[in-house]
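Residues per chain, in single letters:
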Amino acid sequence: MLKRISVAVVFTLACLNASYAVDFSKIPDTTKNAKVGQWATYSTAAGMSQKQTITEITGEGDDRVFTVRLDIMMGDNVIQSTDTVTSLRESKAQQAAAMEADPDVKITDVKVNAAGKEIDAVLVEFVAGGITTKMYMSEEIPVGGIVKIESSAMAQPLMEITGYGE
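Residue positions are given per chain, counted from 1 along the sequence in the order it is written. Totals for whole chains, interfaces and linings use every residue, but because this is a predicted model, local features are given only for residues with pLDDT of at least 70 and side-chain atom pairs only at 80 or more, for both listing and counting. Neither water nor hydrogens contribute to the side-chain values; these are computed over all heavy atoms in the structure.

A. Expanded view of the overall build of the protein. For the purposes of this entry, the term helix denotes a DSSP run of H or I that reaches at least four residues, the term strand denotes a run of E that reaches at least two, and both are numbered from the N terminus. Along the protein, the regular secondary structure elements total 2 helices and 9 strands. For the protein, the sequential pattern of α-helices and β-strands runs α-β-β-β-β-α-β-β-β-β-β. Expressed as a percentage of the 166 residues in the protein, the buried residues total 46%. The contact rule is simple, with two residues in contact once any of their heavy atoms fall within 4.5 Å. In the protein, once contacts between residues fewer than 6 apart in sequence are set aside, the share between residues at least 24 apart is 44%. Only the protein chains shown count as cover for residues, and the accessible areas themselves come from Shrake-Rupley with a 1.4 Å probe. Split by element, the accessible area of the protein, about 8,400 Å² in all, is 48% carbon and sulfur. Whether a residue is buried, partly exposed or exposed follows from its accessible area with a 1.4 Å probe, protein chains only, as a fraction of its type maximum: under 20%, in between, or over 50%, in that order.

B. Expanded view of the environment of Thr30. Structurally, the position occupied by Thr30 is in the loop between α1 (2–10) and β1 (39–44). Along the sequence, Thr30 and Glu139 sit 109 residues apart, while their C-alpha atoms lie 5.3 Å from each other.

C. Local environment of unusual backbone geometry. Even without a glycine there, the phi angle at Ala115 is positive, about 55°. If you trace the backbone, Ala115 turns up in the loop between β5 (105–114) and β6 (117–128). One non-glycine residue, Val143, lies in positive phi territory at about 60°. Structurally, Val143 is set in the loop between β7 (131–137) and β8 (146–151). For Val143, a relative accessible area of 1% puts it in the buried group.

Here it is, written out as structure tokens:
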């Protein structure tokens, strides 16, 4: 599930058009400055960590295709490594359809403490299946901009940034 959340969100929510009642233009476009080699590490609710690294970018504009390596780690040991290819255009279309089906999304500017610092972020909050999800995103964070994802179904964050860089 964490792979689905992190990779699906990486290049989708960050780039939606403001075609609904919600002002999606407030969501940072974290793909505009994406570069091969950028990485982000996260702690997960499962007690493991993950590292996401952009390994390839092809195309231009909305026709860009990103390859992101997802390493699931226990301590310093990689226990699973997966490459995911994401078409920006297809991701935008899938996310737009999902938001159209349930457009009750709140977007708020916030500051969040993560990775040992205070980060300017956007809180994207929505309810699905009776569960409230809070996703904090920032242009400062590479590989999709996810700072933290919280769920009302869990006592601790599903994932939270622990480091990032190029």
